[in-house]
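Coordinate analysis (summary)
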Amino acid sequence: MNYYGLFALQHRGQESAGIVAATGSNTPFLVHKDMGLVSQVFTDEDLKRIKGSRAIGHVRYSTTGSSTAKNAQPLVVDTARGQLAVAHNGNLTNAAQLRLELEEEGSIFQTTVDSEIILHLLARPGDPRNPLAALRRLEGAFSMVIMGEREIIGIRDPFGFRPLSLGRLDDAYILSSETCAFDLIHAEFIREIEPGEVVIIDETGIRSEWPFRTERKAFCIFEYVYFARPDSMIDDMNVKEVRVNMGRELARLHPVEADVVVPVPDSGIYAALGFSDELEIPFDLAFVRNHYIGRTFIQPTQLIRDFNVRVKLNLIGEAVRGKRVVVVDDSIVRGTTARARVVNLREAGAKEVHLRISCPPHRHACYYGIDFPDPDKLIANQMTRDQIRDYLGADSIGYLEVDSMVKATGLPREQFCLACFNGEYPLKYDANFDKYVMERRRGHAHLLPAAPQEGLFQKH
């Protein structure tokens, strides 16, 4: 079931995949993980080998630590408290500080991901009556599952930046980043894990603890815009319906006379439906997606993104030739993809090309689990709105505004993190942080101090 659940969550990360299974107490965890998609990482023989009674799995989209096999999750360690495995979604904003403290106390790290810090904190001697107290040292975004030898634990940070839900299949409880995984395996969705909640599942059943200080909720609104699958439920709202609402709001803000509304699949489809319906402009799937190419936004390098831009979508020229076209996309980050789309439309004979974007311009870095580039590389910080329009080659461009985006969710503004749009960060962060912060630390590493001029060892 874990394997099938990862298929449903493949959109959340395409760099690596892994599963750790347990067959019982006092037996080694069974581990299989590697670089690539779920379908590439696991064979039938692999799945037979890691069959167990409990398991956790992970698909990785790197936000801290480079995209390498050693950083693939779940991470596994053997401690005085037994074996522990962790799968983590989000970023620890105090990761560099915590790792330095742990290393100065003798901890040895095997990876450059912030998730390993969680295992070290849990493995340290502490209050035997409350081992979860160590989690209070964590700051930032962390929705995660931890597997011990007798339990599985689900944890969501007190701000609730990233999603985490609880489901049930027969007598088994299931934790998942998104509810779409429950649908695939015919599991029942019970509820979302609350911000600051720790859910413990063991042979006695399920219980909750609340070890964190209460904070204001700050759910990442970009989950609704782009990241989550449209068939998932978040805060009792269907993601697809929210995206349709965003399209309607976008049409009210930036109406245009046109002949056809064309979405950029897949994340632009539902906003385009809302836009089309609101202005009563025909909708057409003029771009055909190659579904064997991953999501370009979350690919780890610009080289791969540039290649994918060329092969990801093909245009049906007959659908746009001689027409005034509105292209609806979920976001413009760097501008590479959007510019290529406009060029394709012009070459196919589109009379006009109008861009409509179902979220505001991205202007700020995310420190909570989305790998946006350096703010200086964001197109909204490089050009004015008119310059972006001219650079992309469009006749007009319109972005959804923050208030309208929030309105589309039906939820209060104060429940969201909007930092990538407005720079208002709900939690402090290290200004030097980026995904390679752990690798950079190696430049200061040394085993021995510099030897004095007369030599390190003196002969007597």
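To be clear, the structure that these remarks concern was listed above.
Calculation notes
- Residues numbered from 1 in each chain as written.
- Predicted model: local features only at pLDDT ≥ 70, side-chain atom pairs only at ≥ 80, totals over all residues.
- Heavy atoms only, no water.
- Pairing = 2+ DSSP bridges.
- Helix = DSSP H or I, 4+ residues; strand = E, 2+ residues; numbered from the N terminus.
- Axes fitted to C-alpha atoms, helices over the stretch in contact; angles between N-to-C directions.
- Buried < 20%, exposed > 50% of the residue type's maximum accessible area, 1.4 Å probe, protein only.
- Patch = residues over 30% accessible without salt bridge, like charges linked within 9 Å, V, L, I, M, F, W, Y side chains within 5 Å.
- Areas by Shrake-Rupley, 256 points an atom, 1.4 Å probe, with all protein chains shown as cover.
- Salt bridge = Lys/Arg side-chain N within 4 Å of Asp/Glu carboxyl O.
- Parallel < 35°, antiparallel > 145°, perpendicular 65-115°, else oblique.
- Left-handed = near helix turned anticlockwise from the far one by under 90°.
- Contact = heavy atoms within 4.5 Å.
- Nonpolar A, V, L, I, M, F, W, Y, C, P; charged D, E, K, R; others polar.
- Core = buried A, V, L, I, M, F, W, Y, C linked by side-chain atoms within 4.5 Å.

It is worth spelling out the sheet that holds strand E3 (residues 54-60) at this point. Spatially, E2-E1-E3 is the arrangement adopted by the three strands of the open sheet, whose pairing is antiparallel. Where the open sheet ends on each side, the last strands, each with one partner, are strand E2 (30-35) and E3. Mean inter-strand twist for the sheet, computed between neighbouring axes without regard to direction, equals 5°.

With that settled, the discussion passes to helix H14 (residues 402-409). Along H14, six of the eight residues are buried, which leaves the element largely enclosed by surrounding structure. If you check which residues of H14 are buried, you get Val402, Ser404, Met405, Val406, Ala408 and Thr409. Looking at the residues trailing H14, positive phi occurs at Gly410, about 75°.

What follows is about a nonpolar patch on the surface. On the surface, a cluster of nonpolar side chains totalling about 420 Å² of accessible area is made up of Met1, Tyr4, Phe7 and Leu184. Topologically, Leu184 is positioned in helix H6 (residues 180-184). Take Leu184: its relative accessible area is 46%, and that puts it in the partly exposed class.

Looking along a regular strand, one sees the side chains alternate between the two faces of the sheet. Strand direction decides the pairing type here: strand E11 (residues 198-202) and strand E12 (residues 205-209), joined by five bridges, are antiparallel. Looking at E12, one finds that Val199 is bridged to Ser208. Linking two consecutive strands that pair antiparallel, namely E11 and E12, is a turn of two residues.

Before going further, it helps to examine the packing of helix H4 (residues 95-104) against helix H5 (residues 115-123). Packed helices, taken two at a time, are described by the angle their axes make and the gap between the axes. Their axes nearest at 10 Å, the elements H4 and H5 cross at an angle of 45°. Between H4 and H5, the angle is such that the two are oblique. Here H4 runs over H5; the crossing is left-handed. Along its contact with H4, which presents Ala95, Leu98, Arg99 and Leu102, the element H5 presents Ile117, His120 and Leu121. Here the contact of H4 with H5 is composed, by residue class, of five nonpolar, one polar and one charged.

With an omega of 5°, the peptide bond running from Gln73 to Pro74 counts as cis. Along the chain, Pro74 falls in the loop between E3 and strand E4 (75-79). That bond from Pro265 to Asp266 is cis: its omega, 5°, falls within 30 degrees of zero. With respect to the helices and strands, Asp266 occurs in the loop between strand E16 (260-263) and helix H9 (269-279). Despite not being glycine, Asp170 has its phi angle at roughly 60°, a positive value. Mapped onto the secondary structure, Asp170 falls in the loop between strand E8 (165-169) and strand E9 (172-176). According to the relative accessible area criterion, Asp170 is exposed, its value standing at 68%. Unusually for a residue other than glycine, Asp235 sits at a positive phi of about 55°. Tracing the backbone shows Asp235 in the loop between strand E14 (233-234) and strand E15 (237-238).

What follows is about the nonpolar core. Side chains of nonpolar character tend, in soluble globular proteins, to be buried together. In this structure, Phe222, Tyr224 and Met405 are the most contacted members of the largest nonpolar core, which totals 51 residues. Elements supplying a minimum of two residues to this core: strand E13 (219-220), helix H7 (222-227), helix H8 (239-253), H9, strand E19 (324-329), H14, strand E22 (416-417) and helix H15 (419-422).

Right, let's get into the packing of H8 against H14. Their axes nearest at 8 Å, the elements H8 and H14 cross at an angle of 145°. Between H8 and H14 lies a crossing whose hand is right-handed. The segment H8 lies against H14, with Val242, Asn245, Met246, Glu249 and Leu253 engaging Ser404, Met405, Lys407, Ala408 and Thr409. Partitioned by chemical class, the residues of the contact of H8 with H14 number five nonpolar, three polar and two charged.

The strand order E16-E19-E20-E21 describes an open sheet built from four strands, whose pairing is parallel. Single-partner strands in this sheet number two, and they are E16 and strand E21 (396-399). The mean inter-strand angle of the sheet, taken between neighbouring strand axes irrespective of direction, is 20°. Summarising the sheet, E16 and E19 pair through four bridges and their orientation is parallel. Its bridge partner being in E19, Val261 is matched across the sheet by Val326.

By themselves, these are just geometric observations and shouldn't be taken as functional.
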